[in-house]
Structures are given as C-alpha cells and as structure tokens.
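Examination of the molecular architecture
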Amino acid sequence: MAPHHPEDVGMTAAKPPQAARAPRRAVAAADRTRQPTEVRRRLIVEAAVPLIAERGYASVGVRDVAAAAGVSVGTVTYHFGSVQEILSEAMVLHIERYYAELNEAAEQATSGAEALRLLVDALFTEDTDRHWRMWFDYWNAGEQGTDEAFSSGQARRYESWHQQIRALAERGVADGEFRSDDLDGFTVRFAALADGLALQRLRQAPPLSTEDARRHLNRLIETELGRRSRG
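What counts and what doesn't
- Residues numbered from 1 in each chain as written.
- Predicted model: local features only at pLDDT ≥ 70, side-chain atom pairs only at ≥ 80, totals over all residues.
- Heavy atoms only, no water.
- Phe/Tyr/Trp six-rings, centres within 6.5 Å; stacked < 30°, edge-to-face > 60°.
- Helix = DSSP H or I, 4+ residues; strand = E, 2+ residues; numbered from the N terminus.
- Buried < 20%, exposed > 50% of the residue type's maximum accessible area, 1.4 Å probe, protein only.
- pLDDT = per-residue confidence, 0-100.
- Contact = heavy atoms within 4.5 Å.
- Core = buried A, V, L, I, M, F, W, Y, C linked by side-chain atoms within 4.5 Å.
- Salt bridge = Lys/Arg side-chain N within 4 Å of Asp/Glu carboxyl O.
- Axes fitted to C-alpha atoms, helices over the stretch in contact; angles between N-to-C directions.
- Parallel < 35°, antiparallel > 145°, perpendicular 65-115°, else oblique.
- Left-handed = near helix turned anticlockwise from the far one by under 90°.

Observations concerning the packing of aromatic side chains
Inspection of the entire model under this criterion finds 4 aromatic pairs. A ring pair is formed by Trp135 and Tyr158, whose centres lie 5.8 Å apart and whose planes are at 20°; its orientation type is stacked. On the criterion of sequence distance, the pair formed by Trp135 in helix α7 (residues 128-144) and Tyr158 in helix α8 (residues 148-174) is long-range, its members being 23 residues apart. For the residue pair Trp135 and Tyr158, the accessibility class agrees, reading buried in each case.

Here is the structure:
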C-alpha cells in the first residue's frame, strides 16, 4: 500500500527533551486517568473504520485518521508504528464484529438448515455491500504487501470463516436435515461462491441483485447437501 504522507511510513513519536517536559506527577497521572493507552488506541482504530468504508483501504493516511479521531498526528504516531498497523487493526475489528453478528444470528436458529439460510440472507443485503468492499480492499492490501504477520492474520480470519460455515453444515447433518460425505469440499465451494458473488455484486458486471445472490447460494446448499429422506 503506497503511503500518502511521509509520516505514514515508519512512524516514530518524537519525544521532547527531558528539560522541556512538565513534571511527571502533575501531567502524566491525570492523563493516564483520562485516557489510558488502550483507550486511545481503541479510539483511533474505531475512527479508522468508517474512513476505510468511505474511501477505501489504500486511500487513508495517518492525517485522515488523526482528524477523524480528534487527536494530533503525534498522538497517532506515538501509539502506532505505521498507518498500515492502524488500518489492519481497524479491519480486524470490523471483520470480527461482522462475523460475530452472523454467528449470533445462526446460533439462534432452531436447526442447521435454518441457520445456513439465515447466514445466506445476512451475507447479501444492501448494507453488506459496505462490508464486502472493505473485505476486498483488505485482502488486496495483503496481496500487495510483504508483511508476513499481516498476511498470516488474514489467513487466520479466513480459516475461522470456513470453520463457521462447516459447523453449520455439520449441524444440519447431525440434525438429519442434510446429507454429505464431503463437508470440507462444500465449505470451500460455499466460501468461494460467496466471494465471487460479492465481487460481482459490487462491480455489477453483469448486474446481480441481493435476491439473486442469495438464490445462487441456496441452490448450492440444496444441490450439495440436499434433504435427507424422512420416509
């Protein structure tokens, strides 16, 4: 990801000379009470999420994040080593929230079949276009970068998503609603189709409605898992 400001790369906080600092007891203690490090980091990361949604991952710089968080650039550079670190944490926050909501909805279902249907419905709505755009931006940033930790973090999140899909399909098999000898294969194909449909939905080439995207995924479920005969 190309930086947009010189301070976006290798950001290091400039520390004032010892003589220029205010007495530690008079300033630092109160500052720790008002805004602990964890709180400041969280506020900065939270502020970055809507910026990514609006502008795209590669178009957000440290100055943008500082302005959105209502803090100085120096505060941002004190807490983060690079703008990519901020944006990566912001995307992790967004993705974890998104899939936690999907998982919560699925867990409330009375069966595996209903849970998968609810998952499909939740994956494609007018609101989820925002999530998919952010996800593809994030994935593309990992492909272009050389940060091994960044790439491995993406892989872990995708693995977690596969596990979530497989668990719902496995639940349907255990309930006697589905039949499958290849749940791993179904999981890969479901995730791949969801990604492909999401990309087509965003580009609208060819046009794809949310209803049609759901229909294609439900057709995959019906074809691969079917319904176990009750007769």
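Okay, back to it.
Let's talk about the confidence of the model for the protein chain
Residues of the protein chain with pLDDT of at least 70 account for 79%, and the chain-wide mean is 79. Across the protein chain, element-level confidence peaks in helix α10 (residues 210-225) with a mean pLDDT of 96 and bottoms out in helix α1 (residues 24-34) with 36. Contacts of residues 1-33 to residues separated by more than four positions or lying in other chains number 39 contacts, the stretch itself having pLDDT below 50.

Observations regarding the nonpolar core
With 58 residues, the main nonpolar core has Leu116, Leu123, Trp161, Phe186 and Phe190 as its most contacted residues. For this core, the secondary structure elements donating two or more residues are α2 (37-55), α3 (62-69), α5 (83-107), α6 (112-123), α7, α8, α9 (183-203) and α10. The element that contributes the greatest number of residues to this core is α5, accounting for 12 residues. Once you skip the residues sitting within four places of it in the chain, Leu123 turns out to touch Tyr98, Leu102, Thr128, Trp132, Trp161, Phe190, Ala194 and Leu217.

Side note on the pattern of salt bridges
In this structure the tally under the stated criterion is 14 salt bridges. A salt bridge links Arg55 to Asp64, with the nearest nitrogen and oxygen atoms 3.1 Å apart. Residue Arg201 is joined to Glu126 by a salt bridge in which the shortest nitrogen-to-oxygen separation is 3.0 Å. With Arg201 in helix α9 and Glu126 in the loop between α6 and α7, this residue pair connects regions lying 75 residues apart in the sequence. Counted as one network, the salt bridges with shared partners bring together Arg41, Glu85 and Glu89.

Observations concerning the environment of Leu87
With respect to the helices and strands, Leu87 occurs in helix α5. Between the alpha carbons of Leu87 and Tyr138 there is a distance of 8.8 Å; along the sequence they are 51 residues apart.

Some details on the packing of α6 against α10
Relative to each other, α6 and α10 sit at 155°, their axes nearing to 9 Å. One element, α6, and the other, α10, form an angle in the roughly antiparallel class. When the axes of α6 and α10 are compared, the crossing they make is right-handed. Contact residues: Leu116, Val120, Asp121 and Leu123 in α6; Arg214, Leu217, Asn218, Ile221 and Leu225 in α10.

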